[in-house]
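Now for the letters of each chain:
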Amino acid sequence: MSMQAARDHLAKFGLEGHIREFSVSSATVELAAAAVGCAPARIAKSLSFLVGEQPILILAAGDAKVDNPRYKAKFGTKAKMIPADQVEELIGHGVGGVCPFGAKPGVTVYLDESLRRFDVVYPAAGTAASAVELTLPELETASGACGWVDVCKGWREEE
């Protein structure tokens, strides 16, 4: 169901043909990079958090990690990831396939600045054996992101 929700969502933008399905797991950044055949940094991982009771997704580069002070400055609260056993219920996709495409209504999506280094990135497509190849403008449009945030560390050269 999760793959179909992502496929149906991407079809609204003419992007369903960009989905790649694998015979191997793409559930982690490293596995997804191996399956796609790209650098891990180009995997657009979807990080799920609760801000109060509100579920949010932050898509970030595969080599980026959440910077707690930046996160708190942006969202006014400490970073609290959604427990793995609640992700599918709150977001609409299970761990390993979390993406903004076909997510449940009310999930707010943000794109992290760490992705801006790339022309093309690879977020999951609803399952732990899928990815979708998207340009940044395609990602901006199809994700329904409400904007860009700068809440990650570890990807800048000066860090």
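Rules and cut-offs
Residues numbered from 1 in each chain as written. Predicted model: local features only at pLDDT ≥ 70, side-chain atom pairs only at ≥ 80, totals over all residues. Heavy atoms only, no water. Helix = DSSP H or I, 4+ residues; strand = E, 2+ residues; numbered from the N terminus. Rg over C-alpha atoms; globule rule 2.2 N^0.38 Å. Buried < 20%, exposed > 50% of the residue type's maximum accessible area, 1.4 Å probe, protein only. Contact = heavy atoms within 4.5 Å. Areas by Shrake-Rupley, 256 points an atom, 1.4 Å probe, with all protein chains shown as cover. Pairing = 2+ DSSP bridges. Axes fitted to C-alpha atoms, helices over the stretch in contact; angles between N-to-C directions. Polar contact = N/O pair within 3.5 Å; in protein donor to acceptor, adjacent residues only side chain to side chain. Phe/Tyr/Trp six-rings, centres within 6.5 Å; stacked < 30°, edge-to-face > 60°.

Trainee: Explanation requested: the overall build of the protein in the structure shown.
Mentor: Each helix and strand counted, the protein has five helices and 10 strands in total. Over its C-alpha trace the protein gives a radius of gyration of 14 Å, about what one expects of a compact globule, namely 15 Å for 159 residues. Overall size of the protein, expressed as C-alpha extent along the three principal axes, is 40 × 35 × 25 Å. A burial count over the protein gives 48% of its 159 residues as buried. When contacts within the protein are restricted to residue pairs at least 6 apart in sequence, long-range pairs at least 24 apart make up 64% of them. Total accessible area on the protein stands at roughly 7,500 Å², and carbon and sulfur atoms take up 51% of it.

Trainee: How should the pairing of strand 2 (residues 43-51) be read in this particular structure?
Mentor: Among the nine residues that make up strand 2, eight are buried, leaving the element largely enclosed by the rest of the structure. Across eight bridges, strand 2 lies against strand 3 (residues 54-61) in antiparallel orientation. Looking across to strand 3, one finds that Ala 44 is bridged to Ala 61. Taking the residues that link successive antiparallel strands as the turn, the strand 2-strand 3 hairpin has two residues, and the phi of Gly 52 there is positive, at about 70°.

Trainee: Looking at this structure, I do not really get the sheet that holds strand 9 (residues 148-149). What am I missing?
Mentor: Consider a sheet: its strands pair through backbone hydrogen bonds, and that pairing is either parallel or antiparallel. A sheet is described by the order of its strands in space; here six strands give the open sequence 8-6-2-3-5-9, paired in mixed fashion. A strand with exactly one partner marks an edge of an open sheet, and here the two such strands are strand 8 (134-135) and strand 9. Helix 4 (residues 84-91) rests against strand 2 and strand 3 of the sheet, and its axis sits at about 105° to strand 3.

Trainee: Looking at this model, I keep getting lost on helix 3 (residues 68-75). Mind explaining?
Mentor: Looking at where helix 3 begins, the residue whose side-chain oxygen comes 2.9 Å from the main-chain nitrogen of Arg 70 is Asp 67. Looking one or two residues past helix 3, Gly 76 carries a phi angle of roughly 75°, positive in sign.

Trainee: I would appreciate a short explanation of the packing of aromatic side chains in the present structure.
Mentor: Two descriptors summarise a pair of aromatic rings, namely the distance from one centre to the other and the angle between the planes of the rings. Counting across every chain of the model gives three aromatic pairs. Ring geometry for Tyr 71 and Phe 75: centres 4.8 Å apart, planes at 45°, overall tilted. Taken together, the residues span about one helical turn, with Tyr 71 and Phe 75 both in helix 3 at a distance of four residues. Judged on exposure class, the residue Tyr 71 and its partner Phe 75 are both buried. Within the aromatic cluster, the residues linked to one another by ring pairs are Phe 49, Tyr 71, Phe 75 and Tyr 110.

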